[in-house]
Amino acid sequence: MNRFRFWILVSIVAISGFSQGMLLPLISVIFEQDGVSATLNGLNATALYIGILIVSPFMEPPLRKFGYKPIIMAGGLLVIASLALFPLWKSFWFWFILRLCIGIGDNALHFGTQTWITSASPKEKRGRNISIYGLFFGSGFAVGPLMTPLIFINEALPFIIPACLCLVAWLFLFALHNDFPERAIELTSFKDTTSRFKKTLTYSWVALLPALGYGFLEASLNGSFPVYGLRVGLDVTHVSILLVSFAIGGIVFQLPLGVLSDKYGRKKILTFILASGSFIFFIASFVEQSIFGLTICLFIAGMLVGSTFSLGISYMTDLTPKSLLPTGNILCGVAFSFGSLLGPYVGGIFIQSFSGISFFFIISAMLFIVFLFVLLHKQKVIN
């Protein structure tokens, strides 16, 4: 894959990760301080993922018609505009709509970059390249929560900074030459798209489960855990540090796990990290009164499961014919979105309904269920 193009794409993803990592805890904290219920707080956090789901079925035809670059640029521009509008009006439903728009923009951006990278990467470097993609996204996501304390300086500041950074990264896209995915057939109708969805699912449905599980984990941890943390006596700074420790853990092992998956196989590495991650979150539920103990647990959990999404994409690419990779990337995004939709909402209900039970139990159980499905599944690798 063209090296210059690759680094531009992963840099764009890093800025996107920064904005996402900032928005979830930031708006959760703002709403919690304004007295919004945990359930409504979680509902607002789902807007981003509803946006992803709404646009997902319609992404592939324009990608095949216009190519990667226009899709990525359109998505990036929508994200920039939405971020810039947040300070104009503080309203539950206005912010819901803006997060919905960011979801649509992020889906276009990630769909374009993921498909471009996976299609252009040779098999022996696929895990490495997708891990670098995940590494850059995770790095941005790790820095994002550090913006939360800026609300005590000026509530608009955390929205203005990522909007400006996104604009700078977006301008670099003009330096890229457009390219198109491999064309096995032309899509002429929504029925053709649906048929490709079904065909892709027969090859790679199991590879979508890690994406779903990671979406649930990431969204509940960043959207619901700040609410839970504040209610059990943690302050905003401690919550930000804990979220960053998880994200940094993911950054540390993102590339090594990708390289190991190239060497030993995606399935073996996925089953190991899912089982180990489930166990660490189970342990975290017993040490949540200790900031140091919880920080260590979340750091180790990040090291283990922070690569779940990128490894899931690589696994899907292994199982899916190359002509179906755009559809496979869409389905990975849809699976991630379903998990992300469930995460904050289920997390909010859990916090309100089971005040005596640790929030980490629900994450541990979800990871263990995904582990069982991946472990028991047998399917031939194609690519």
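Refer to the structure printed above.
Note that the coordinates shown come from a computational prediction; the quantities given were computed from them, not determined experimentally.

Engineer: Explanation requested: the pattern of salt bridges in the structure shown.
Structural biologist: Pairs can form between side chains of opposite charge whenever their charged atoms are close. Tallied over the entire structure, the rule returns five salt bridges. Ionic pairing is found between Asp 34 and Lys 90, a salt bridge with its closest N-O pair at 2.7 Å. One end of the pair, Asp 34, is in the loop between helix H1 (3-33) and helix H2 (38-45); the other, Lys 90, is in the loop between helix H5 (68-85) and helix H6 (92-120), and 56 residues separate them in sequence. When its relative accessible area of 39% is taken as the criterion, Lys 90 is described as partly exposed. Residues Arg 266 and Asp 318 are paired through a salt bridge, measuring 2.8 Å at the closest nitrogen-oxygen approach. Taken as a pair, Arg 266 in helix H12 (residues 266-284) and Asp 318 in helix H14 (residues 308-319) lie far apart in primary sequence, 52 residues in all. You can call Arg 266 buried: its relative accessible area is 5%. On the accessibility criterion, Asp 318 (5% relative accessible area) is buried.

Engineer: Could you clarify how one ought to interpret the environment of Gly 333 in this entry?
Structural biologist: Mapped onto the elements, Gly 333 comes out in helix H15 (residues 325-353). On the accessibility criterion, Gly 333 (14% relative accessible area) is buried. Taking the C-alpha atoms as reference, Gly 333 lies 7.2 Å from Asn 107; in sequence the two are 226 residues apart.

Engineer: What's the story with helix H13 (residues 291-305) in this structure? I'm lost.
Structural biologist: An α-helix turns once per 3.6 residues; consequently, residues spaced three or four apart project the same way. Between its terminal C-alpha atoms H13 stretches 21 Å, which fits the 21 Å expected from 15 residues at 1.5 Å a residue. Of the residues making up H13, those classed as buried are Gly 293, Leu 294, Thr 295, Cys 297, Leu 298, Ala 301, Gly 302, Met 303, Leu 304 and Val 305.

Engineer: Quick question: what am I supposed to make of the packing of H1 against helix H7 (residues 123-143) here?
Structural biologist: How two helices sit against one another is set out by the angle between their axes and by the gap between those axes. Where H1 contacts H7, the two axes come as close as 6 Å, and the packing angle between them is 35 degrees. The interaxial crossing formed by H1 with H7 has right-handed handedness. Here Phe 6, Trp 7, Val 10, Ser 11, Val 13, Ala 14, Ser 16, Gly 17, Phe 18, Gln 20, Gly 21 and Leu 24 of H1 lie close against H7, whose contacting residues are Asn 129, Ile 132, Tyr 133, Phe 136, Phe 137, Gly 140, Phe 141 and Val 143.

Engineer: Just to check I follow, could you spell out the environment of Glu 218 for this structure?
Structural biologist: With respect to the secondary-structure elements, Glu 218 resides in helix H9 (residues 190-223). The exposure class assigned to Glu 218 is buried, which follows from its relative accessible area of 1%. Distance in space between the C-alpha atoms of Glu 218 and Ala 335 is 13 Å, their sequence separation being 117 residues.

Engineer: Is there a simple way to think about the packing of aromatic side chains in this case?
Structural biologist: Each aromatic ring pair is described using two quantities: the centre-to-centre distance and the angle formed by the ring planes. Applying the stated criterion to the full structure yields 24 aromatic pairs. Relative to Trp 95, the ring of Phe 31 has its centre 5.7 Å away and its plane inclined at 35 degrees; by these criteria the two rings are tilted. Taken together, the residues Phe 31 in helix H1 and Trp 95 in helix H6 connect sequence positions 64 residues apart. Of the two residues examined, Phe 31 and Trp 95, each falls in the buried class. A ring pair is formed by Phe 282 and Phe 286, whose centres lie 5.2 Å apart and whose planes are at 75 degrees; its orientation type is edge-to-face.

Engineer: Would you explain helix H11 (residues 236-264) in this entry?
Structural biologist: Over its 29 residues, H11 runs 41 Å from end to end, which matches the ideal 42 Å to within 8%, given 1.5 Å per residue. For H11, the principal kink sits at Phe 253 and spans about 40 degrees; a proline, Pro 256, occurs within the next four residues. For H11, the side-chain oxygen to backbone nitrogen distance between the N-cap and Thr 237 is 3.2 Å, and the N-cap itself is Asp 235. Just downstream of H11 lies Gly 265, where phi reads positive at about 105 degrees.

The rules behind each value
- Residues numbered from 1 in each chain as written.
- Predicted model: local features only at pLDDT ≥ 70, side-chain atom pairs only at ≥ 80, totals over all residues.
- Heavy atoms only, no water.
- Salt bridge = Lys/Arg side-chain N within 4 Å of Asp/Glu carboxyl O.
- Helix = DSSP H or I, 4+ residues; strand = E, 2+ residues; numbered from the N terminus.
- Buried < 20%, exposed > 50% of the residue type's maximum accessible area, 1.4 Å probe, protein only.
- Expected span 1.5 Å × (residues − 1).
- Axes fitted to C-alpha atoms, helices over the stretch in contact; angles between N-to-C directions.
- Left-handed = near helix turned anticlockwise from the far one by under 90°.
- Contact = heavy atoms within 4.5 Å.
- Phe/Tyr/Trp six-rings, centres within 6.5 Å; stacked < 30°, edge-to-face > 60°.
- Bend = angle between axes of the 7 residues up to and from the residue.
- Polar contact = N/O pair within 3.5 Å; in protein donor to acceptor, adjacent residues only side chain to side chain.

Just distances and angles here, no functional claims.
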